[in-house]
Amino acid sequence: MTGSNLTNWKASRTVGRNEGGNYVHYGVREFGMTAITNGLALHGGYIPFGGTFLVFSDYARNGLRMAALMRLRSIFVFTHDSIGLGEDGPTHQPVEHAMSLRLIPNMDVWRPCDLLETAVSWRAAVERRDGPTSLLLSRQNLPAQRDDGDQASLAARGGYVLVDAPTGEPELVLIATGSEVTLAIKAKEILSGQGVSVRVVSMPSTTVFDRQDLAYRRSVLPDGVKRIAIEAGATALWWKYVGLDGAVIGMDGFGESAPASVLFPHFGFTAERIAETARLLVHGAHGLSRSNG
């Protein structure tokens, strides 16, 4: 899957029949790849990684679970992380996969929104010594979200205030991951123009954020403020961050075959739909679920 995953780099040397190297082409053999990755981690002396489409993590499931059970220093790179995969259709578009990986004990899961968050997640995966890491990466090119010196240290905490309300006291918090962070930023711009004070929280890793101390988590997600979570995937675990008086914009059905530019609006992942949900929430329509699909 190298041609699609782009997991090779300048120093990659393919392991061949007659010579050694540091890069193995497995073909479509996700469980074998994961098992060998775990074996390398158990051997020691290496920090191994494997890569495939996120939807094919299903084929690697037993290996992923064993890596977590044994707390191995294995890294799993899963690209094409949403309906943004496009024309390959619902068989190849992950919906429940990010959430299912987050359910595995000891597995850190990162879904970064831009290049900087991707670098942060890679560093966290390499430095982690007490368990495996899954990196969920977009097929789409994503814009840089913030260029000040604080983003890297804040992103390393799993969730952080990407853009705050002007006064620092928001009426509403938008929580997003990956490619949907851009939509949250655009929705904030719409809502700000309508007089709604909005904070945008990027949460590249719920698993890492959950390990932060309570004071920090409350500083990011303050009590008593309405919240909306936005992710192009299953909604189930997001309710613990938004509460019963919040809203989740996600997918609890399968995708369709079409370009990403068609699918995201089709399933309601637009800044305008987020802003509409926010207006309803702020004005008293509790417990909204914008679960599409």
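Here the structure is shown first, and the text comes after it.
Predicted model only: the values in this text are computed from it and were never measured.

Caption draft 1: Layout of the overall build of the protein chain. Scanning the protein chain for helices and strands turns up 12 helices and 10 strands. In terms of C-alpha radius of gyration, the protein chain reaches 19 Å, essentially the compact-globule figure of 19 Å for 293 residues. Here the C-alpha coordinates of the protein chain stretch approximately 65 × 40 × 30 Å along the principal axes. Looking at the protein chain as a whole, 54% of its 293 residues are labelled buried.

Caption draft 2: Summary view of the pairing of strand E2 (residues 75-79). Of all five residues making up E2, five are buried, and the element is well covered by its neighbours. Pairing of strand E1 (residues 49-53) with E2 involves five bridges; the strand directions are parallel. Following the sheet pairing, phenylalanine 53 is matched in E2 by threonine 79. For the crossover from E1 across helix H3 (residues 61-69) to E2, the handedness is right-handed. Two strands pair when backbone bridges link them, and E2 and strand E4 (residues 133-136) are joined in this way by four bridges, in the parallel orientation. By the bridge assignment for E4, phenylalanine 78 is matched with leucine 136.

Caption draft 3: How the structure looks around the pattern of salt bridges. A complete count under the given rule lists 13 salt bridges for this structure. Its salt-bridge partner being glutamate 276, residue arginine 273 comes within 3.8 Å of it at the nearest N-O pair. You can see arginine 273 and its partner glutamate 276 sitting in helix H12 (residues 271-282), three residues apart, about one turn around the helix. Using a relative accessible area of 32% as the deciding quantity, one classes glutamate 276 as partly exposed. Overlapping salt bridges bring together Asp81, Arg102, Arg111, Glu180 and Glu231 as one network.

Caption draft 4: Geometry of the environment of alanine 98. Take alanine 98: it is sitting in helix H4 (residues 97-102). In this structure, the C-alpha to C-alpha distance between alanine 98 and alanine 67, residues 31 residues apart in sequence, is 17 Å.

Caption draft 5: The arrangement of the sheet that holds E1 in detail. Sheet architecture is open: four strands sit in the order E1-E2-E4-E3, paired in parallel fashion. Since the sheet does not close on itself, it has two edges, and those belong to E1 and strand E3 (108-110), each with one partner. Neighbour to neighbour, the strand axes of the sheet diverge by 20 degrees on average, direction disregarded. Lying over the sheet, helix H2 (residues 30-43) contacts E1 and E2, oriented at roughly 160 degrees with respect to E1.

Caption draft 6: Examining the nonpolar core more closely. Of all hydrophobic cores here, the largest spans 60 residues; its most connected members are Leu174, Ile175, Leu221, Ile228, Ile230 and Phe269. Per element, the largest residue contribution to this core is six residues, and it comes from helix H7 (residues 180-193). Apart from residues no more than four positions distant in its own chain, isoleucine 228 is found in contact with Leu172, Val173, Leu174, Ile175, Val242, Ala247, Ile249, Ile274, Thr277, Ala278 and Leu281. In this structure, Ala41, Ala68, Phe78 and Met107 belong to the second largest nonpolar core, which totals 15 residues.

Caption draft 7: Spotlight on the environment of phenylalanine 76. Mapped onto the secondary structure, phenylalanine 76 falls in strand E2. As a C-alpha pair, phenylalanine 76 and leucine 54 span 22 residues in sequence and 9.7 Å in three-dimensional space. Filtering out sequence-adjacent residues up to four positions away, phenylalanine 76 remains in contact with Thr34, Thr37, Asn38, Gly50, Leu64, Ala67, Met107, Pro132, Thr133, Ser134 and Leu135.

Caption draft 8: Examining the environment of lysine 240 more closely. If you trace the backbone, lysine 240 turns up in helix H10 (residues 239-242). Taking the relative accessible area as the measure of exposure, lysine 240 reaches 54% and is therefore exposed. Within the local environment of lysine 240, its side chain forms a polar contact with the side chain of aspartate 210, the two groups lying 2.9 Å apart.

Caption draft 9: Here's a closer look at the side chain of arginine 199. Locating arginine 199 in the fold gives a position in strand E7 (residues 198-202). One polar contact links the side chain of arginine 199 to the main-chain carbonyl oxygen of glycine 168, over a distance of 3.4 Å. Among the polar contacts made by the side chain of arginine 199, one reaches the main-chain carbonyl oxygen of serine 219 at a distance of 2.9 Å. Not counting residues up to four positions away in its chain, the partners in contact with arginine 199 are Val161, Val163, Asp164, Ala165, Gly168, Pro170, Leu172, Val173, Leu174, Ser219, Val220 and Pro222.

Caption draft 10: Summary view of unusual backbone geometry. For arginine 71, which is not glycine, the phi torsion reads 55 degrees and is therefore positive. As for its placement among the helices and strands, arginine 71 is situated in the loop between H3 and E2. Relative accessible area serves as the criterion here: at 42%, arginine 71 is assigned to the partly exposed category. If you check the backbone angles, histidine 80 has positive phi at about 55 degrees while not being a glycine.

Caption draft 11: Just the packing of H2 against H3, in detail. Two numbers describe how H2 lies on H3: the axes approach to 8 Å, and their chain directions differ by 20 degrees. Classified by the angle between their axes, H2 and H3 sit roughly parallel to one another. When you trace H2 past H3, the crossing you get is left-handed. On H3, the residues that touch Phe31, Thr34 and Asn38 of H2 are Asn62, Gly63, Leu64 and Ala67. Class assignment of the residues belonging to the contact of H2 with H3 gives a composition of three nonpolar, four polar and no charged.

Calculation notes
Residues numbered from 1 in each chain as written. Predicted model: local features only at pLDDT ≥ 70, side-chain atom pairs only at ≥ 80, totals over all residues. Heavy atoms only, no water. Helix = DSSP H or I, 4+ residues; strand = E, 2+ residues; numbered from the N terminus. Rg over C-alpha atoms; globule rule 2.2 N^0.38 Å. Buried < 20%, exposed > 50% of the residue type's maximum accessible area, 1.4 Å probe, protein only. Pairing = 2+ DSSP bridges. Right-handed = clockwise from strand over helix to strand, strands pointing away. Salt bridge = Lys/Arg side-chain N within 4 Å of Asp/Glu carboxyl O. Axes fitted to C-alpha atoms, helices over the stretch in contact; angles between N-to-C directions. Contact = heavy atoms within 4.5 Å. Core = buried A, V, L, I, M, F, W, Y, C linked by side-chain atoms within 4.5 Å. Polar contact = N/O pair within 3.5 Å; in protein donor to acceptor, adjacent residues only side chain to side chain. Parallel < 35°, antiparallel > 145°, perpendicular 65-115°, else oblique. Left-handed = near helix turned anticlockwise from the far one by under 90°. Nonpolar A, V, L, I, M, F, W, Y, C, P; charged D, E, K, R; others polar.

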